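Single-letter residue listing:
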Amino acid sequence: MLDEAGLARWGREVGAVADREGVFVALIGPLGAGKTRFTQAACAGAGVGETVTSPTYTLVHWYAGARGPVGHADLYRLGDPSELLALGWEELEAHAGAVFVEWAERAGEELPVDRWEVRLDFTRGSASAATGGLRRVTVRGLGRVPLVPDPSPYAGQSPYAEGAESSAC
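First, a word on scope: everything that follows refers to the structure included in this document. Here the structure is a predicted model, which means the values were calculated and not measured.

## Remarks on the packing of aromatic side chains
The geometry of two aromatic rings is summed up by the distance between their centres and the angle between their planes.
Stage number 1. One pass over the structure, following the stated rule, counts 3 aromatic pairs.
Stage number 2. Considering the side-chain rings of tryptophan 10 and phenylalanine 38, the 5.2 Å spacing of their centres and the 45° angle between planes classify their relative orientation as tilted. Remark: phenylalanine 38 occurs in helix 2 (residues 35-45) and tryptophan 10 occurs in helix 1 (residues 4-21); sequence separation between them is 28 residues. In this pair, the class of tryptophan 10 matches that of phenylalanine 38, namely buried.
Stage number 3. Summarising the aromatic geometry, the rings of phenylalanine 24 and tryptophan 89 are spaced 5.8 Å apart at their centres and angled 75° between planes, so their arrangement reads as edge-to-face. With phenylalanine 24 in strand 1 (residues 24-28) and tryptophan 89 in helix 3 (residues 89-94), this pair connects stretches of sequence that are 65 residues apart. Across the pair, exposure class does not vary: phenylalanine 24 and tryptophan 89 are buried alike.

## Some thoughts on the environment of alanine 96
Stage number 1. Residue position: alanine 96 is located in the loop between helix 3 and strand 4 (99-102).
Stage number 2. Expressed as a C-alpha distance, the spacing of alanine 96 and glutamate 21, which sit 75 residues apart in the sequence, is 8.5 Å.

## Re the pairing of strand 3 (residues 69-74)
Stage number 1. Of all 6 residues making up strand 3, 5 are buried, and the element is well covered by its neighbours.
Stage number 2. Hairpin geometry of strand 2 (residues 60-64) and strand 3 is characterised by an intervening segment of 4 residues between the two adjacent antiparallel strands and by a positive phi of about 140° at glycine 68.
Stage number 3. Alignment of strand 3 against strand 4, held across 4 bridges, turns out to be parallel. Bridge pairing in strand 4 links histidine 72 to phenylalanine 100.
Stage number 4. Chirality of the crossover, the property in question, places the unit of strand 3, helix 3 and strand 4 among those that are right-handed.

## Quick notes on the sheet that holds strand 4
Stage number 1. What the 6 strands build is an open sheet, ordered 2-3-4-1-5-6; its pairing is mixed. The open sheet is flanked by strand 2 and strand 6 (135-142), the only strands paired with a single partner. Direction aside, neighbouring strands of the sheet carry axes that sit 15° apart on average.
Stage number 2. Note: strand 5 (residues 115-122) against strand 6, 8 bridges, orientation antiparallel. In the strand pairing of strand 6, arginine 119 is matched with threonine 138.
Stage number 3. Across the face of the sheet, helix 1 comes into contact with strand 1, strand 3, strand 4, strand 5 and strand 6 while running at roughly 170° to strand 5.
Stage number 4. Against the sheet, helix 2 makes contact with strand 1, strand 2, strand 3, strand 4 and strand 5, and its axis sits at roughly 170° relative to strand 4, the strand it touches most.

Cut-offs used in this document
- Residues numbered from 1 in each chain as written.
- Predicted model: local features only at pLDDT ≥ 70, side-chain atom pairs only at ≥ 80, totals over all residues.
- Heavy atoms only, no water.
- Phe/Tyr/Trp six-rings, centres within 6.5 Å; stacked < 30°, edge-to-face > 60°.
- Helix = DSSP H or I, 4+ residues; strand = E, 2+ residues; numbered from the N terminus.
- Buried < 20%, exposed > 50% of the residue type's maximum accessible area, 1.4 Å probe, protein only.
- Pairing = 2+ DSSP bridges.
- Right-handed = clockwise from strand over helix to strand, strands pointing away.
- Axes fitted to C-alpha atoms, helices over the stretch in contact; angles between N-to-C directions.
- Contact = heavy atoms within 4.5 Å.

This is how it looks when you write it as structure tokens:
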């Protein structure tokens, strides 16, 4: 389980590794679970110095990172995976640097085979991330990617905390 501060610290580590290794990061979770907050921290870890905002209406933002461009997409408004081509999906998918995609499940089978998946969910007793509640984090690497940084060291102590698994906290 990660609180707001833990999510930000872990996000910076994920961003640094994703930037160094050129990883596509698929973010999944309900509205308000912290996908944009995580991406802001990850972009900071990737060396982005400017303000990172959700690209809900523009769908894709590119930022100058430490090693080159960092991609950030938000597929919330996507009606169907067939709409991906119109937003430059091929460029995102082929990008050699870090890419963070919120609402990635909306891409369906168009997601790259090689990726990290980060799922953020609310926990028992936590109505939303906006209230500083805890999130259950589940991560996995798919295809040929480096190991995903472990979120467990960033887990805070809470009366709602449950046992951590190797791929979830």
